[in-house]
Amino acid sequence: MESVFILATIIYVFSCVCYFGYLFFQKTVLQRIAAGLMIAGFALHTVSLVACGVRAGNFPVNNLHETLSVTAWAVAAVFLAFFFKYKLKILGIFAAPLITLTMIVANQIPKPISQDPQLLKSWWLAAHITTIFFGNAAFALACGLGMLYLLQESAIKKKTRGFFFSRLPSLDLLDTTGYACIVVGFSMITIGLITGVVYAKAIWGRFWSWDPKEVWSAITWLFYAALLHERLTVGWRGRRMAIMAMIGFGVLLFTFFGVNFLLKGHHGTFTAI
Amino acid sequence: MRDIVLFGLNHKTASVDVRECISFTVDETERALLMLRDNPAIGESVLFSTCNRIELLMAVDEREAAVTIAKQFIAEFKKIPLSQFENSLYQYAGDDAVRHTFQVAASLDSMVVGEPQILGQMKSAYYRATLKKNAGVILNKLLHRTFSVAKKVRTETGIGDHAVSISYAAIELGKKIFGDLEGKRVMLVGAGEMAELAVEHLIRNRVGTITVANRTFSRGLELAKRFHGKAVKFEEIVDAINEVDIVISSTGSSEYVLQKNQIKEAMKSRRNRSLFFIDIAVPRDIDPDINRINNAYVYDIDDLKGIVDVNIEDRNREAVKAQRIIDEAVIGFRKWYDTLEVVPTIVSLRGKVESMARRELEKTLGTLSHLSEADKRAIERMTGALVNKILHEPTDFLKREGCHGSKFASLDLTRKLFKLEENH
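The model shown is predicted, which means the values in this text are computed figures rather than measured ones. (Residues numbered from 1 in each chain as written. Chains lettered and ligands numbered in written order. Predicted model: local features only at pLDDT ≥ 70, side-chain atom pairs only at ≥ 80, totals over all residues.)

K.L.:
Just checking my understanding: could you explain the interface of chain B and chain A for this structure?
P.N.:
Often, the extent of an interface is quoted as the loss of accessible area upon association of its parts. Taken together, the contact between chain B and chain A spans 17 residues of the former and 16 residues of the latter. Per-class residue counts for the side of chain B that touches chain A are five nonpolar, seven polar and five charged. (Contact = placed C-beta atoms within 7 Å. Nonpolar A, V, L, I, M, F, W, Y, C, P; charged D, E, K, R; others polar.)

K.L.:
Is there a simple way to think about unusual backbone geometry in this case?
P.N.:
Note: most residues except glycine have negative phi, and most peptide bonds are trans. Positive phi values are uncommon outside glycine, yet Trp210(A) reaches one of about 55°. Within the element layout of this structure, Trp210(A) appears in the loop between helix H6 (171–204) and helix H7 (212–233). A residue is classified by how many C-beta atoms lie within 10 Å of it, and Trp210(A), with 7 of them, is exposed. The residue Arg271(B) is not glycine, and still its phi comes out positive at about 50°. Mapped onto the elements, Arg271(B) comes out in the loop between helix H12 (260–269) and strand E9 (275–279). (Helix = DSSP H or I, 4+ residues; strand = E, 2+ residues; numbered from the N terminus. Buried ≥ 20, exposed ≤ 12 C-beta atoms within 10 Å, placed from the backbone.)

K.L.:
Whenever I open this one, the packing of helix H1 (residues 2–25) of chain A against helix H4 (residues 92–108) of chain A confuses me. Can you help?
P.N.:
Any two packed helices are characterised by how steeply their axes cross, that is the angle between the axes, and by the distance between the axes. Residue and element names in this part refer to chain A. One way to put it is that H1 packs onto H4 with a least axis distance of 9 Å and a crossing angle of 150°. Put simply, H1 runs roughly antiparallel to H4. Classified by chirality, the crossing of H4 by H1 is left-handed. Contacts between H1 and H4 pair Ile6, Thr9, Tyr12, Val13, Ser15, Cys16, Tyr19 and Leu23 from the former with Gly92, Ile93, Ala96, Pro97, Ile99, Thr100, Met103, Ile104 and Asn107 from the latter. The residue inventory of the contact of H1 with H4, partitioned by class, reads 12 nonpolar, five polar and no charged. (Axes fitted to C-alpha atoms, helices over the stretch in contact; angles between N-to-C directions. Parallel < 35°, antiparallel > 145°, perpendicular 65-115°, else oblique. Left-handed = near helix turned anticlockwise from the far one by under 90°.)

K.L.:
Help me out: how do you make sense of the sheet that holds strand E2 (residues 44–49) of chain B in this one?
P.N.:
Strands in a sheet are paired, the pairing made by backbone hydrogen bonds, and the direction either parallel or antiparallel. Residues and elements named next belong to chain B. Taken in spatial order, the four strands of this open sheet run E2-E3-E1-E4, and their pairing is antiparallel. Of all the strands in the sheet, just E2 and strand E4 (90–93) have a single pairing partner and so form its edges. This sheet shows a mean twist of 10° between the axes of neighbouring strands, independent of strand direction. In the sheet, strand E1 (residues 3–10) pairs with E4 via four bridges, with the strands oriented antiparallel. Following the sheet pairing, leucine 6 is matched in E4 by tyrosine 92. In the packing of helix H5 (residues 95–105) onto the sheet, contacts are made with E1, strand E3 (53–60) and E4, and the angle to E1 comes to roughly 50°. (Pairing = 2+ DSSP bridges.)

K.L.:
For this particular structure, what's the right way to read helix H17 (residues 407–417) of chain B?
P.N.:
Since the α-helix advances by 3.6 residues per turn, residues separated by three or four positions end up pointing in the same direction. Residues of H17(B) that are buried: Lys407(B), Phe408(B), Ser410(B), Leu411(B), Asp412(B), Thr414(B) and Arg415(B). Immediately downstream of H17(B), the backbone of Lys419(B) shows phi near 50°, a positive value.

K.L.:
Can you help me understand the environment of Ser170(A) in this one?
P.N.:
Tracing the backbone shows Ser170(A) in the loop between helix H5 (123–158) and H6. By the C-beta count within 10 Å, which is 18 here, Ser170(A) ends up partly exposed. For the pair Ser170(A) and Glu153(A), spaced 17 residues apart in sequence, the C-alpha to C-alpha distance is 9.2 Å. Discounting chain neighbours no more than four positions away, the residues touching Ser170(A) are Lys175(B), Lys176(B), Ile177(B), Phe178(B) and Gly179(B).

K.L.:
Could you clarify how one ought to interpret the sheet that holds strand E5 (residues 186–189) of chain B in this entry?
P.N.:
All names here are of chain B. Read across the open sheet, the six strands follow the order E7-E6-E5-E8-E9-E10; overall the sheet is parallel. Two strands bound the open sheet, and with one partner strand each, they are strand E7 (230–233) and strand E10 (296–300). Each neighbouring strand pair of the sheet contributes to a mean axis angle of 20°, computed without reference to strand direction. Bridge count for E9 against E10 is five bridges, and the pairing is parallel. Bridge pairing links aspartate 279 to aspartate 300 in E10. Contacting strand E6 (210–214) and E7, helix H10 (residues 217–226) runs over the sheet at an angle of about 160° to E6.

Structure follows, in structure tokens:
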């Protein structure tokens, strides 16, 4: 299935190119091609992941290569869902390069055999992994939307009307979509954390063990919880929300990768190189 | 012979800050007109002040002296040292002044080429000048010509087709903030003509309730009724801001109507929902610092200029066509203007009466075939003498009047009485 994976990567690259073309030339046809390629790449990618999972007999997150691949896949899935829901075409300019880069990195790193495949065979775990990945993907998009928001906001505030003003959609749409991404992401990681805790009880005999991964997951969750709380009560929106979405994603990245590389913990397997 | 001369500044030569300082309110305009009228150096004058331009159009005997006096007058009237705005001033005389006036009225010199407001503003400026009797024969003629040229440009070229105006630009921007203007609530602060126009544009975009806050409550109420909106007292503006998304301000106030800390407070109670201020007033109504508050956007009239560069190509092409119409009109006006010289008027008056006499003479002699040659000569002589006698007093009067101030009026009246052609 190696070739299918590479083919999917190549299609993502072309999609990415088309999105950049769309950004510069603002031709709708380029955007259509880009979205079409994205769907095609996503379909192939799905095939590759399913094949991989069937062969290994578990969820394909046994090493960093597979984890990155699933990450890219989840971003593509969430991006396509939001693309169809909000008709937010320009988000591809953030999502496509992110997916493509992740895929290329995944391609470059070794693919060691998992030490303990039995660990990953549980429905609780499948639910945990799926929701966490989708949640993370939604937060990634929220971060991208935050960046786009800041670009457009500064264009409007500075009254310069530069490159991005005509190319980016309205602030309101960027803000609403970003908020929706955070709501989806938060719901997903909430479920992900609950299933994770339940699974920990099943496998290690206790819900919580103050493992760095657990602590940082809680921090991330609290960060987004606070963000949503502020939005609903005081009305954090616009610029502040955009910046927070970007900081939140930074915290999330650390929880997801940083903890594994720097602090170690019981999630070591899935970033094994 | 009186010279037509114009000087002023506009959005191209002066920044909004300078324009704010020099702009005249209606009251000030009327006071200034009276003072200009009573100034012996300035013959006729029309003062024209909008948010984008302040111009003084004059017909004067001594051009340089009059311009110096008028500039000084404006500096003193507005209490600003002349040096502060003199560099921003442009000055036109004769045909150039005429051409410039035509261009302004035809909206070729506007910030947004082709925007329709300017003509109405010019008409009311002229109306004010006629009420105060500042405009005489020359400027009356010039402005009537101006209005018909502007109308011709509008109907014969596509310059106004896009109807792109400041308000249109504001709507484009609003869409970049709100996505869709449908249902967005609008508040008008001040009920000026310009604000009305902006609201009409907005209503076409199906905005929500319109709230009008005007210093004169009754006027606000009247306007609100027209837009099926509601009126609030001017003091209620800050409270009313919680209920709106877009604020269009166009008062004649010389200070900021809305301050930064007021809006900062308001943003809290409206839970940071975006607020878009369109400040079309000069001097500005909205503290520009409000733009620094998160989710609050302030655009004044200069800022809006940046938004409208898009369709400008098309309109520039139409502007060439408009320029031709204007050039023709300038030549036409020049012909009329030249007739104000005494000699051509007398010549054409004489020509007209003589040709009438000749025509009648020929008709009469044609029916009287029995007359002898000598009789015919006698009748011809009598006709000639009659013409001379009739023309003697008027000619004398015109020549004498030539030295006095009302010369143009007399010449113009003569031309009208005898329906003399302009192209002599």
